[in-house]
Amino acid sequence: ATIDFVGSEKGSGAYGISFHDNEYIVDDNYPQTEHGIHFIDLESHSGSQEHLQYIWIYNNKVVNPAIGIEIYVNSNSYGGTCYIDHIYIFNNTFEGQGVTNNSYSPVIHSNCEGDDHVYDTIEITNNTIVGGATDGRGIHFDHRGALSNLKIRNNIITGIASNPVS
């Protein structure tokens, strides 16, 4: 991952992480590797109490990533519950995502291991997503456990061969 956040819990401030007004440009797409280059990797591991809470990602320009934003949740390794809540992804531009050797490279991806997860208040709004090398998915949620208040609205998604939202 280019930027890898492992756990975020809001303290006394307004947010846990606010990541905005950045440009991430890769010259070209490349073959998928075991841990490809993502723009942002958000990780939660329950036993170590690394939850993902109160995260704002906005006003970024991302060109040619394998995956734009990965939300990786693992409750298998440590036991316990992973909490993923109050995540806001808005006003970003993603262009040309993908890899050259497979078609699985979503722009915004939630990936889970284990079954004990609580997702609440996730908003993905006003983003522009333009497909690239392999255009398998735009926004993809693979979640297990409780899910409430997921809002995906007002995004422009073009050039995605299948599953713009899945």
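Small disclaimer: the values here were computed from a predicted structure and weren't measured.

Caption draft 1: Molecular detail of the overall build of the protein. Along its length, the protein carries zero helices and 15 strands. The burial tally for the protein puts 48% of its 166 residues in the buried class. In the protein, of all internal contacts separated by at least 6 residues, the share reaching a separation of at least 24 is 85%. Per element, the accessible surface of the protein, about 7300 Å² overall, is 45% carbon and sulfur.

Caption draft 2: Spatial organisation of the packing of aromatic side chains. Applying the stated rule across the entire model yields six aromatic pairs. When the centroid spacing of 6.1 Å and the interplanar angle of 75° are considered together, the rings of Phe 5 and Phe 19 count as edge-to-face. Highlighted residues: Phe 5 in strand S1 (residues 3-6) and Phe 19 in strand S2 (residues 17-20), separated in sequence by 14 residues. Classification of Phe 5 by relative accessible area gives partly exposed; the value is 22%. Ring plane angle 65° and centroid distance 6.2 Å describe the contact between Tyr 15 and Trp 56, whose orientation is recorded as edge-to-face. Taken as a pair, Tyr 15 in the loop between S1 and S2 and Trp 56 in strand S5 (residues 52-58) lie far apart in primary sequence, 41 residues in all. Its relative accessible area of 45% is what places Tyr 15 among the partly exposed residues.

Caption draft 3: Looking closely at the sheet that holds S5. Sheet architecture is open: five strands sit in the order S2-S5-S8-S11-S14, paired in parallel fashion. Pairing within the sheet leaves two strands with one partner each, and these edge strands are S2 and strand S14 (146-153). On average, each strand axis in the sheet is tilted by 10° relative to the strand beside it, whichever way the strands run. Where strand S8 (residues 82-90) and strand S11 (residues 117-125) come together, eight bridges link them in parallel fashion. For Tyr 83, the partnering residue across the bridge sits in S11 and is Val 118.

Procedures and definitions
The residue count restarts for each chain, going from 1 along the sequence in the order it is written. Local features in a predicted model are, by the rule used here, given only for residues with pLDDT of at least 70; side-chain atom pairs are given and counted only at 80 or more, and totals for whole chains, interfaces and linings are based on all residues. Side-chain figures throughout are based on the complete set of non-hydrogen atoms in the structure, without hydrogens or water. Secondary structure counts use DSSP, requiring at least four H or I residues in a row for a helix and at least two E residues in a row for a strand, with both numbered from the N terminus. Throughout this description, buried means an accessible area under 20% of the type-specific maximum (1.4 Å probe, protein chains only), exposed means over 50%, and partly exposed covers the range between. Contacts are assigned to residue pairs that have any heavy atoms within 4.5 Å of one another. What sets the accessible areas is the Shrake-Rupley method with a 1.4 Å probe; for residues, cover comes only from the shown protein chains. Each pair of aromatic rings taken from Phe, Tyr and Trp, with Trp reduced to its six-membered ring, is defined by centres within 6.5 Å and is described as stacked if the planes are under 30 degrees apart, edge-to-face if over 60, and tilted in the remaining cases. At least two bridges found by DSSP between two strands is the condition for calling them paired. Convention adopted: a line fitted to C-alpha atoms gives each axis, helices being fitted over their contacting stretch, and angles between N-to-C directions are expressed from 0 to 180 degrees.

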